[in-house]
Amino acid sequence: MASKELNCPAPEDKAGAKIDYLAKRLGQVLAPLGFRRKSRTIWREQGEGAQRHWQIVNLQAGQWNEGPRGEFYVNLALQFPAIERLQAQRPGQAWRLEHLEQADECHGHLRARIDATLPAGHELARPEFKLGRDTDLPALASQLDQAVLTQVLPWFERHARLEALRDFEGSLIAADIPLRITAALALEDRAGAQHLLAAHPGRWANLSPHFVIELREWLDGQGVDTQALEAACAPRPPDAWTQRQQAREEAERQAHERQAQALTATLDAQDPDPPTLAAAWVAEWQARWREEPKALEDLPSGARVATLEAGGREAVLRALLQSLVAREVGAQRHPIHTEAGAFEGDEAVAALVKALLPQLGPLQQPEPLFAALQALQGRLLQDLLTASYPWGFAVLAAWLERQPRTPALAQGIAAWLEQLPRTQLARWDALNAALAAERAKPLDPNHFMYETLKEAREREDELAAQHPVDAEAVRRRIAAYPEQGLGTADKAAVRSWRRWLRRDPLTGLLPVQFEPDDFGAPAQAAWDRAPPALQAAAAPLVQHWLDGVPTKPSPRWLRELRARMA
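Cut-off values and rules
- Residues numbered from 1 in each chain as written.
- Predicted model: local features only at pLDDT ≥ 70, side-chain atom pairs only at ≥ 80, totals over all residues.
- Heavy atoms only, no water.
- Helix = DSSP H or I, 4+ residues; strand = E, 2+ residues; numbered from the N terminus.
- Rg over C-alpha atoms; globule rule 2.2 N^0.38 Å.
- Buried < 20%, exposed > 50% of the residue type's maximum accessible area, 1.4 Å probe, protein only.
- Areas by Shrake-Rupley, 256 points an atom, 1.4 Å probe, with all protein chains shown as cover.
- Lys, Arg positive; Asp, Glu negative; His and termini not counted.
- Charge placed at Lys NZ, Arg CZ, Asp CG, Glu CD.
- Polar contact = N/O pair within 3.5 Å; in protein donor to acceptor, adjacent residues only side chain to side chain.
- Contact = heavy atoms within 4.5 Å.
- Salt bridge = Lys/Arg side-chain N within 4 Å of Asp/Glu carboxyl O.
- Arc of directions from axis to C-beta.
- Axes fitted to C-alpha atoms, helices over the stretch in contact; angles between N-to-C directions.
- Parallel < 35°, antiparallel > 145°, perpendicular 65-115°, else oblique.
- Left-handed = near helix turned anticlockwise from the far one by under 90°.
- Nonpolar A, V, L, I, M, F, W, Y, C, P; charged D, E, K, R; others polar.
- Core = buried A, V, L, I, M, F, W, Y, C linked by side-chain atoms within 4.5 Å.
- Pairing = 2+ DSSP bridges.
- Phe/Tyr/Trp six-rings, centres within 6.5 Å; stacked < 30°, edge-to-face > 60°.
- Lys NZ or Arg CZ within 6 Å of the ring centre and 35° of its normal.

**Student:** I tried to follow the overall build of the chain on my own but got confused; where do I start?
**Tutor:** Broken down by element type, the chain carries 23 helices and 8 strands. At 33 Å, the chain has a C-alpha radius of gyration far larger than the 24 Å of a compact globule built from 566 residues. Each of the three principal axes of the chain carries a C-alpha extent, and together these read 85 × 65 × 60 Å. Classification of the 566 residues of the chain by burial places 40% in the buried group. Carbon and sulfur atoms make up 54% of the accessible area of the chain, which totals about 30900 Å². Within the chain, the 75 negative side-chain charges are centred at a point lying 4 Å from the centre of the 66 positive side-chain charges.

**Student:** How should the side chain of R96 be read in this particular structure?
**Tutor:** Within the secondary structure, R96 is located in the loop between helix 2 (81-87) and strand 5 (110-113). For R96, a relative accessible area of 17% translates into the label buried. At 3.1 Å, the side chain of R96 and the side chain of E84 are in polar contact. Sequence-distant contacts of R96, that is, excluding residues within four places in its chain, are made with E84, Q87 and A88.

**Student:** Any chance you could explain the pattern of salt bridges here in plain terms?
**Tutor:** Where charged atoms from two side chains of opposite charge approach closely, those side chains can pair. Summed over the entire model, instances satisfying the criterion amount to 33 salt bridges. Here K441 ties to E438 by a salt bridge, and the two come within 3.4 Å at their closest N and O atoms. For K441, a relative accessible area of 46% puts it in the partly exposed group. You can call E438 partly exposed: its relative accessible area is 30%. Through salt bridges with shared partners, a single network forms among E12, R69, R133, E458 and E462.

**Student:** Please clarify how helix 6 (residues 190-199) should be interpreted in this entry.
**Tutor:** Along an α-helix, residues three or four positions apart point the same way, because every turn accommodates 3.6 residues. Restricting attention to buried positions, one finds in helix 6 the residues G192, A193, L196 and L197. Angularly, the buried residues of helix 6 cover 135 degrees about the axis, an arc narrow enough to put them on a single face. More than 90 degrees from the buried face of helix 6, the exposed residues found are A191 and H195. Considering only its buried residues, helix 6 is in contact with helix 4 (162-166), helix 5 (177-186), helix 7 (201-205) and helix 8 (209-221).

**Student:** Help me understand the packing of helix 15 (residues 366-375) against helix 16 (residues 393-401) in this model?
**Tutor:** Contact geometry of helix 15 with helix 16 gives a least axis separation of 13 Å together with a crossing angle of 150 degrees. In terms of axis orientation, helix 15 runs roughly antiparallel to helix 16. Two packed elements cross with a definite hand, and for helix 15 against helix 16 that hand is left-handed. Residues L369, F370 and L373 of helix 15 form the contact with helix 16, whose own contacting residues are L396, W399 and L400. Taken together, the residues that form the contact of helix 15 with helix 16 break down as 6 nonpolar, no polar and no charged.

**Student:** Please explain the nonpolar core as it appears in this structure.
**Tutor:** Looking at soluble globular proteins, one finds that nonpolar side chains tend to be buried together. Membership of the largest hydrophobic core comes to 59 residues, with the highest contact counts inside it found for L59, F72, V74, I114, I181 and L219. Examining the composition of this core, we find that 10 residues originate from one element, helix 3 (residues 137-159), more than from any other. V316, A348, F393 and V494 belong to the second-largest nonpolar core, a separate cluster that totals 51 residues.

**Student:** Is there a simple way to explain the packing of helix 17 (residues 407-440) against helix 19 (residues 471-480) in this structure?
**Tutor:** Think of two packed helices as two axes; the pair is described by the angle between the axes and how far apart they sit. The geometry of helix 17 relative to helix 19 is characterised by a closest axis approach of 8 Å and an angle of 145 degrees between their N-to-C directions. In the packing of helix 17 onto helix 19, the handedness of the crossing is right-handed. On the side of helix 17, the interface is formed by P421, Q424, L425, W428 and D429, while helix 19 contributes V474, R475, I478 and A479. When its residues are assigned to classes, the contact of helix 17 with helix 19 shows 6 nonpolar, 1 polar and 2 charged.

**Student:** Could you clarify how one ought to interpret the pairing of strand 3 (residues 53-61) in this entry?
**Tutor:** Successive residues of a regular strand alternate their side chains across the two faces of the sheet. With respect to burial, strand 3 is a largely interior element, 7 of its 9 residues being buried. The sheet contact formed by strand 2 (residues 41-46) and strand 3 spans 6 bridges and is antiparallel. Among the inter-strand pairings, I42 is bridged to a residue of strand 3, identified as V57. For strand 3 and strand 4 (residues 70-79), the ladder comprises 8 bridges, and the chain directions are antiparallel. From the neighbouring strand, Q55 faces strand 4, where its bridge partner is L78.

**Student:** Sorry if this is basic, but what is going on with the packing of aromatic side chains here?
**Tutor:** Aromatic rings in a pair are described by how distant their centres are and how their planes are angled relative to each other. One pass over the full model with this rule turns up 11 aromatic pairs. A ring pair is formed by F72 and F129, whose centres lie 5.1 Å apart and whose planes are at 25 degrees; its orientation type is stacked. With F72 in strand 4 and F129 in strand 6 (residues 129-131), this pair connects stretches of sequence that are 57 residues apart. For F72, a relative accessible area of 1% corresponds to the buried category. Geometrically, the ring pair formed by W155 and F156 is tilted, given 5.7 Å between the ring centres and 55 degrees between the ring planes. Comparing W155 with F156 shows no difference in burial state: the two are buried. The residue whose ring lies beneath R90 is W218, and the NZ or CZ to ring-centre distance is 5.9 Å.

**Student:** I would appreciate a short explanation of helix 21 (residues 520-529) in the present structure.
**Tutor:** Along helix 21, the residues that are buried comprise G520, Q524 and W527. Taken end-on, helix 21 shows its buried residues confined to a sector of 60 degrees, consistent with a single buried face.

And the structure:
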C-alpha cells in the first residue's frame, strides 16, 4: 500500500510540527523494513532468545525551541530485554521490569547520535540539526532518510549482538563496563565477565562504596569472583580537586581567624568600640560558618556583644550595616554580570543581624539606622528574574515593624519607600543600557558559540517585532510598583511596610486600600465604584481581610471570615 502523502509544514509553523514531519517521513521510509513508529520514535524488533533486541531511532526536540525556530537531535539505541532482566536482579533495580517490553531510546544499552555513525565530511555529521523559516524540510528529510538507510542500519547490524556489546571498546553513551559485564552474563560467559571485572580497576575506584557493595552482592549471586572489587570498597583519600578545595577553605578560615584576633586585640575590655567589635564578629563567623555556630554563644565577639547594654547592642547593629555601607560607597557593579566578591560579607551580616535583633530593646536611634538602610537600598543581588537583599533586609524590616510607633520611625520608613522607585528605575535604566551595549557589539564568527549567539539575537529581534516593549509604560509600572522586581521575602517586607504606614496610629486598623499590582488595581477600582452604603457596611470585613490573608487559610480562619460576613 502506498504511503500517505504528508503535508510539509509552512515556514512559520512551529518547530515541533517540523520535527513531527521529519519523523513521519522517516517512519514511512523504514516501514517496509519492519519498523514501527510512535510519535517521534521509530523501532523494529530483531533477534531471538537472549539476542532479542530493538533497533531504535528517536528524534529529540531541543530544549529551547520556540516558534518556527529550534533544533533537534537524532538518537540511536539498541535495547536488549535480556540485559534489563539481569540488571533488574541488582539491589534496588526491580523497577526495570516495569518497562521490560517497551522499546525506549533512553533505556537503550548501546546509544549514540547519528553523527557517530557517519563518515567525516558527511552533510549530516553534526550533533544537532537547526530548524528555521528558511529550512528546506523535504531536502533535509531526504538527507536524513538516506543517512539512516545507508549508515545507521549497517551500524545497527554491526552492533546488534550481545557479543558486540560485551566487547565494545568505543565511547558511546551507555556502553559502560558494568553493562558489558551484564552482556557477558546474558551470554553465560562468566569468564568474560570475570575478565572485564579484573581488567578495569580504575572504573571501580571512581564509584561510590555503596554502589560497589551492591554490585559485588549481585555478581556474587551470578557466580563471579569479585576480589577485584575489594580495594574499591575501602575508604578512598580525597581526589586532587577536593584536596585543593579543602586547602583553599582552610587558608580562608585561617585568614579570617587572624583578622578576628587582630581586631579583638585592639578592643577596650570595658568599653569596646562597636565598629571594631562588629568587624571581629563578622570575621569570626566567616571563619567558622561551616560549623553553624550560635552567633551569640559560640563566637567570642558575639558573646561580648550579648553582655553589652541595650544601647551598645544597637550600636553594634548599626556598625554591621555600616560595614556594608562603606563597601557600597563608590561600588560599580555591572548591571548584568556579578563580579566575584561583590557581596563579600553580606551573608555574615545577615546571619549576625538575625541573631542580634531578638536581643535588642526598643529602637533608640532610628535616624542613623535608616540612613544606613537608605545607603544599602541599591545593594541588590540579581538572580535570574528577581533581585534580593543578601544582607538581611526582610528580617530587619519585620523587626522595625514591631517597634513602638514613633514619628521618627514612620518618617524613616516613608522616606525609604519614597526612594525605592528611583532606585529601581535607575537599575532598570542601567540594565537596558548594558543590554543595548552588548547587542551593539558585533559577534565574532570564530567564537565557538557563534551560531547559537546569532540565532539568539535573531529570536530576540523576532520577539521584539511581534511584541514591542512600551518603555514608558514599563517605567510607569516600576514607579507605581517598584517592589515587583524583588525576591519573595523582600517584596513581602516592602508591602508590609506600606500597610504599616497606612494603619491608624490609634486603632491599628488599615484603611480600605489595595496594593497597585495586577490584582490590587482592579480591586481598588471595584471598591471605588461601590455604593457608599455598601462601602460602609463592608469596610470592617475588608479591613480584617487586608490585615493579612494567609497563603493557605486554615478552616478556623475561614470560619471566622464567614462569621464576620454574616
